[in-house]
Amino acid sequence: MNSIKSLSSLAICFCIFMSACPLGSTAFASTSLWGKKLVFQVQPCLWQLHSGVPVPALRELSVCMSLRRTISADWTGFEYKAPGNRETELGLGGKNGKLFVKLFGHEWQYENNLTVNEWHSVCLTWSGQAQRLRISINSTFLIEICLTTSQQLSKNGTLTLGVSHYVNANGEIQPETGTNLVGEIALFRMWAREWSLEELKNLNCTDGDLVSWDLKQWTYSCPPEPSINLHCACSFYTVKMETCIFNTLNPGNLLLSLEEISKIWLESIFHKNTSIHSILVSSPCSSCPIVNDSATLDKDQELELLSNTICDSCFSCEVHIHVNPPADVEVVQTEITALLSLRSPLNFLNLSVQGNDIVVLPVEQFSNSTEPAPTVSSETTPTLSPSVHPTTREPLHVNDTAEPDQFFRVDLFLNMTGNPLDPKDIIEKWVKKQLEVNNTMSVLNLDIKENAVRNMEHYFNLMISQDQPKQYYCAFHVQECNKNTVAEIEILIQAALVSKYQNHSIIIQTVEVMIRHIVPKNCSEDTSFTIYGKYIWPETFPQRIQVMGCITPTSERAFRLCKLDIETDTTRWADPNMKNCHQHLSISDLNNITVTPGNAAEVVVVIQDLVVIQLGNSSELSPSHLESVVEKLSEVVDESIVNSAVGANIVTIVSDILLSNTDVTPVSNTFLNLTDRMADNMIFQGESANLTAPPLGFSMINVDPEEFSGLTFGASIVSPTKSPEMFVDQGFVNKPHPTANATISLPSALNDFFPTGGRNTTRVQFQFYGTHELFQDLDINNAQSNWTLNSYVVSASINDSKIMNLEDRVVVTFSHQIPTKPRDKVQCMFWDFYKNGGRGGWNSSGCETESISPYQTSCLCDHLTHFAVLLNVERTPFSKVNEQILTVVSYIGCGISSIFLGLTLLTYLIFEKLRQDYPSKILINLSSALQGLSMLFLLNTWLSSFSNYALCIATAATLHYFMLASFTWMGLEAVHMYLALVKVFNTYIPSYILKFCIIGWGIPAVIVSLVLVIDKDAYGSLADEEIEMVLDSTEAFCWIQNDIVFFVTVVAFIGLTLLCNMSVFIMVLIQIKRIGANKLAANSQGSVLDLKAVASLTVLLGLTWSIGFFSFGPARVVLVYLFVFLNSLQGFFVFLFHCLMKENVRKQWRIHLCCGRFRLREYSDWSRSVTVGDRCKKKNLVNSDSVTSGSSQ
C-alpha cells in the first residue's frame, strides 16, 4: 500500500513539476545532422571522421549516403584509408564520366555516372567472407563484383567525405585537390554488416551502428546547412543517456526501482504521440557528478538545494520509444533532446541528464524481447546419416517395431591458431573424429562460418596476425542410434568437443558448446509426379532414405531422403534421386495429363524437365511439341492458383524455348496472352513481385487506386543470355533511366480506368522482352521492307481493364540497338494482336514518336500494350570503304592546307611590301582563321583521347570559333569586293581594317561565348557513331553535341554567309565581264586570266562549302568526295592563287630568297605593281587586288 501511495505521489509531483516553473534547466542543442546537408564548393571543404570514433577491423560492412553533384567533373564521395597508408582501402567517386569504387587498392568502374543536379541514394555493401562487392543507386543494384581474396578492413583508419585526403608528417589530415566533390552530401551512415537490397530499402531512416549522421562524430572546416529536400519520417527510436538521481530530502522515500522512476518521469515529459516500448537500465554506480543548474535560482533556493543535495546513483538508460504517426527524424531528435535536457526536481527527488550524452537514434524496429540472450546453455545438435535399406518395387514401409534415432543440435564456438590452407576442412575432420568414434553417432549438415562473434568483446578483439587465433562458428546435427539416454549423449558430446586439439602449429580450442535435444517429425506421405512417372513416398523417419522401385526399368531403384534442415531443425522431403530410372513421359504425353489445382505445380515441373531434355537432345521443339507445351501451360494458368514458384518455372520454360532455335512465330500471341494472364492472377507476398529469366522480366505491383500517382518501370539487359535488371518507381518519371534499355511511365490518369468492385488493390504488370522472337511481323520480314525492330519490347497492362484513348499519354523510352543516322527514320509502334490474320504485327496507331538522340527514342501512346521502336534504314547506305577513304583524304588535305597556309602567312608577314594594301591584310586574317581551323581539326582526336571534360569543351569551343571566324572573314572578303568593285569606287572609310577585325574576330567570339554561358554541355565528345556520320571517322572527337546549337550557329551561319558570298560573286563576275568588254583586244589569254580570277574568288569566298548542302540523291557519293577534297585543300588553293600564281609575290621571293642568276634586283616602279593602300592620301577605297591581280599577271 505504501508503494502505491509513493507511486501516486511521485506521479502527482511530476505533473506539478511539468505545469509549474522548472527548477533551473539548461537547454542542450541537438547535434543530429538529420535534415541537414554538407555543401562542397570548388574550394575543398574537409569533413573527417572524429579520431575518437572507433572503427573496428571489419570483414563486412554497408555504407549509404545521399549525394547531389552540381557540375560534371571528377568527384569523390568518401574515402577510407588505413592508418599510415596512402592506399585507399574503401572509396567511392566518379571520373571520366564513370562511377568508380575502390577496395583494398583495386578500382572498378561502371558506365553510370550520377545525374547532375539530382539527389541520389548510393549504397555500397561488401562481404569478405562472401567475396563480393555490391553497388546500388536509388534502391537498385547496378553491379555485383566478385572478389578473389578475402581481406579485412583496417581498424581506426581515416575517413573523409567529398574529398580525397592524405596524412602529413604531423599526423594531420590534408585534402587532395583535383577530385573534390562540387555538390552536396547527406545521410552518410556505416554499418558493421552486409545488408541485402531489401534490407537497405528498410534502412532509409535508420542511423548507422558504426558511423552515424551526428555532428559529434565529425570534425569539419565548413558547417552543415539545413535542407528542405532531405526529410525522413521514422516511428522507432532508441534513446541513450546518462542519468543522475539526487535525493534532496529523505533517501528512504526512494522505494521505486530505477526502471519505474525512469518510466514515470519519461511518460510525464513526452508528448501523447510518443509511447515507451521498453527501458533498459544498467547497474547504478555510487559516485555521481553533481550538476550545478542553480544559475536560475535565487539565493535562498540555491543554499537550500546545495545543503540538501545528495547524489544517490548514476545509471545508463536506454529507452525504446514509438512515435505515432511517424515524424521527421530531425524534429524528433531535437524535441527529445530538449525535453530530456530539463532537470526534474521534486519535493524529495531530482533527476538530471547529461545533455551532451543524449543520443536519439532512429532504428528499423524493436526486437520482441529487450532481455539479453544467455551466453551459456546446454543444448544439442542433429546429424545426417543416410542408411539405405534393401527394397523391391514396392516402397520400404517403416517397421512398426522400428524406432527413430535421436537427434541433437550443436552450436560450437572455437578458436584456431595457425595458418592451414583449408581451416574448414581441418575443423570438419576434427569434429567427425571426436564424435564418430564408436559408429553410434554421425555428424550431419555441418556448417562452418569464419569470424562469427558472440559479443562486442570478441568483435573488438579480433586480430589479423597469423599468430593470433581466429574464431569459427560451427552448427551441425548429431544423429545417435538409441544406445544411450539423452543426458548421457549430451555428456559424451560435451566431453568430446571441449578437449584441446593440436597438430604441429595448428591448435583448436573450444570456447563454447551449446547442445540441444530435438525431436523432428517424420516426413509425411507424399505423391510426386515426375517425368519418370507417379511415385507415392510413404511416411519416413528423419534422416532415412526411402527406396522405391522404378517404373522402368523394374530392376532399378529410386531414392528419396527425409532430410533434417539445419536452419529450422525440422524435416522435409529432399528432391528424389531418379537417376537410375528411365524417362516414362514425353512431351506428347502432356495431352493425357489433366491439370488440377492440386497437381498444377508438379505439372509445370514436368513440362520444364521435358523441355530441358528435348532441347538437350535437339536444338528446337517441333511445332507439335511446342503446341502441346503452350496448351498445357495455358491450362495451368487457367485452372489453378499460380504462386511465385510456379510463375518462376513458367517464365523459365518460356525462356528456354526462346533461347533455342524453335520457331515460336505461330504461337507468339498465345505465349503473350499466357504470360499476361499468369502475371494478372499470380499470388505473392507483399505489394510487388519480380520474375526474371534470360531474356525476360516480369514485374507485378498491387496498387491502391486511391493512392495511385503513376508508376515507372525500367529494365536493362547486358545480353539476351542474361536476366534483365528491373526497377519500379512509385510515380510518373518523364525521363529515361540512364542505364535502362526500356522505360515506361504510367500517368496518374490511369486511375480512371481501374476496375471497380470489391478488390482493395489493382494489379499493374510490366513485361520486358530482351528478344525479338515473339514479335516477328510478316510484313517487315519480307525482302522489300526497309523496317527492322531496333529496340527491345516493353509492355504494361492493368488487370480486367482495357486502356485506350488516354489524354495523358503513356511515355515509353527505348535505347536503340543500332544507333540511328540522320537519314534514318524511327517509328514508335505497338504489337497488334489482330494483324496478319491473328498472328500479330506492328502498328503505329495511337503513338507519337519523339527522337531524343541517335541512341534513344521516346514514344507518347494513348493505350497500353506491347511497345517497341522500328527503324527504317536506306538500302544504299554509305559504305565503310568510302568512309575510310574520306577520313584519310580529310586528314591529308587538312595537313597539306596547314603547311601551305603557314607558308602564306610567313610570306605576307615577312615581306612588308606585300601587306600594304587592304586585300592582303584581309587575306592574312582569313589565312589565320583557316590555319586555326585546320590545326584544331588535326589535333582534335589527340586532345579528346585524354578524356578530360574541361579540355574537350575547350577544344570543341575553339574549333567552333575558328570555323565561324573562317566564314566570317570569307564574308568580309565578299563585302570588300562589293564595296571596291560594285557599289562605288574611290570611297574612303576610316579605320577600315580595324572595323573588319572587330567584326571578323568579334562576332564568332560573341556566338561561342553565348553558347558557353547558356549551355556549356552543348560542347562535348561525340560518340563513335555520331563521328562516323559527321566527320567520317571512328575515333573520339570533341565538337558540338546539341543539335539546336549546331544547326543555328553552324549550318544557318554558314548558309547565310555562303548565300551572301554567292550574290557578291555573281555581281563581281558581271563587273569583271564589263571591264573585259571595255578592253580593245580580247584574246584567249584574257579568258584564261578571267578563269583564274573566278577560281581565286571561289576559294576566297568559300563557295566550295555549298556542295555540302546538295550532297543527297544518286550523286551523293560523288558530291561528298568533291566536298571533302576541295574544302580540306582550301588552304593549299589559297597559297596557289594568292602566292604561287601572284607575280608580285614571286618577285619578292626572287629578291629576298634566291641567289645568283635567279635573284631579282629591287626595281623602282614597285609601287605600280601594288594597289596603293595605306600610303595613299587616305581618301580612296582601294580596288580589290583579289580580282585585279588576275588580270595583271
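Please read these numbers as outputs of a predicted model, since none were measured by experiment.

(A) Local environment of the pattern of salt bridges. Enumeration according to the criterion identifies 22 salt bridges in this entry. Here Arg 409 ties to Asp 411 by a salt bridge, and the two come within 3.3 Å at their closest N and O atoms. Its relative accessible area of 11% is what places Arg 409 among the buried residues. Lys 632 is paired through a salt bridge with Glu 635; the nearest N and O atoms lie 3.2 Å apart. In this pair, Lys 632 and Glu 635 both sit in helix H10 (residues 623–639), three residues apart, roughly one turn of the helix. Several salt bridges converge on common partners, so that one network encompasses Arg 409, Asp 411, Arg 516 and Asp 569.

(B) Region of interest: the state of the cysteines. This model, assessed by the stated rule, comprises eight disulfides. One disulfide bridge connects Cys 45 with Cys 222, the sulfur atoms lying 1.5 Å from each other. Linking Cys 45 and Cys 222, the disulfide has an S-S dihedral of approximately -75° and is accordingly described as left-handed. One end of the pair, Cys 45, is in the loop between strand S1 (36–40) and strand S2 (47–49); the other, Cys 222, is in the loop between strand S15 (218–220) and strand S16 (225–226), with 177 residues separating them in the sequence. Just as Cys 45 is buried, Cys 222 falls in that class too. Each sulfur in the disulfide pair Cys 205 and Cys 232 lies 1.5 Å from the other. The sign of the S-S torsion, about -90°, decides the handedness of the disulfide formed by Cys 205 and Cys 232: left-handed. With a gap of 27 residues between them, Cys 205 in the loop between helix H2 (197–201) and S15 and Cys 232 in the loop between S16 and strand S17 (233–246) connect regions that are remote in the sequence.

(C) Seen up close, the confidence of the model for the protein chain. Residues at a pLDDT of 70 or more form 81% of the protein chain, whose mean pLDDT is 80. Contacts of residues 1–27 to residues separated by more than four positions or lying in other chains number 37 contacts, the stretch itself having pLDDT below 50. Considering only residues more than four positions removed or in separate chains, one finds that residues 1024–1034, a stretch of pLDDT under 50, has 31 contacts.

(D) Broad picture of the sheet that holds strand S4 (residues 75–81). Taken in spatial order, the seven strands make up an open sheet running S7-S6-S5-S4-S11-S2-S15, and their pairing is antiparallel. Lying at the two open borders of the sheet, with one neighbouring strand each, are strand S7 (106–110) and S15. Averaged over all pairs of adjacent strands, the angle between strand axes in this sheet comes to 15°, irrespective of strand direction. As judged from the five bridges shared by strand S6 (residues 98–103) and S7, these two strands associate in the antiparallel manner. Across the sheet, the residue bridging to Leu 103 is His 106, located in S7.

Cut-off values and rules
- Numbering of residues starts from 1 in each chain and follows the order in which that chain's sequence is written.
- A pLDDT threshold of at least 70 governs which residues receive local features in this predicted model, and a stricter bar of 80 or more applies before side-chain atom pairs are shown or counted, although totals over entire chains, interfaces and linings include all residues.
- As a rule here, side-chain values come from all non-hydrogen atoms in the structure, and water together with hydrogens is ignored.
- We define a salt bridge as a contact between a side-chain nitrogen of Lys or Arg and a carboxyl oxygen of Asp or Glu at a distance within 4 Å.
- The classification of residues rests on relative accessible area computed with a 1.4 Å probe and restricted to protein chains. Under 20% of the type maximum is buried, over 50% is exposed, and intermediate values are partly exposed.
- Counting from the N terminus, the helices are the DSSP runs of H or I reaching at least four residues and the strands are the DSSP runs of E reaching at least two.
- Criterion for a disulfide: a pair of cysteine sulfur atoms at a distance within 2.5 Å.
- A residue's pLDDT is simply how confident the predictor is in it, with values from 0 to 100.
- Contacts: residue pairs with any heavy atoms within 4.5 Å of one another.
- Only strands that DSSP links by at least two bridges are regarded as paired with each other.
- To obtain each axis, a line is fitted to C-alpha atoms, and for helices this fit is confined to the stretch in contact; angles are then taken between N-to-C directions over 0 to 180 degrees.

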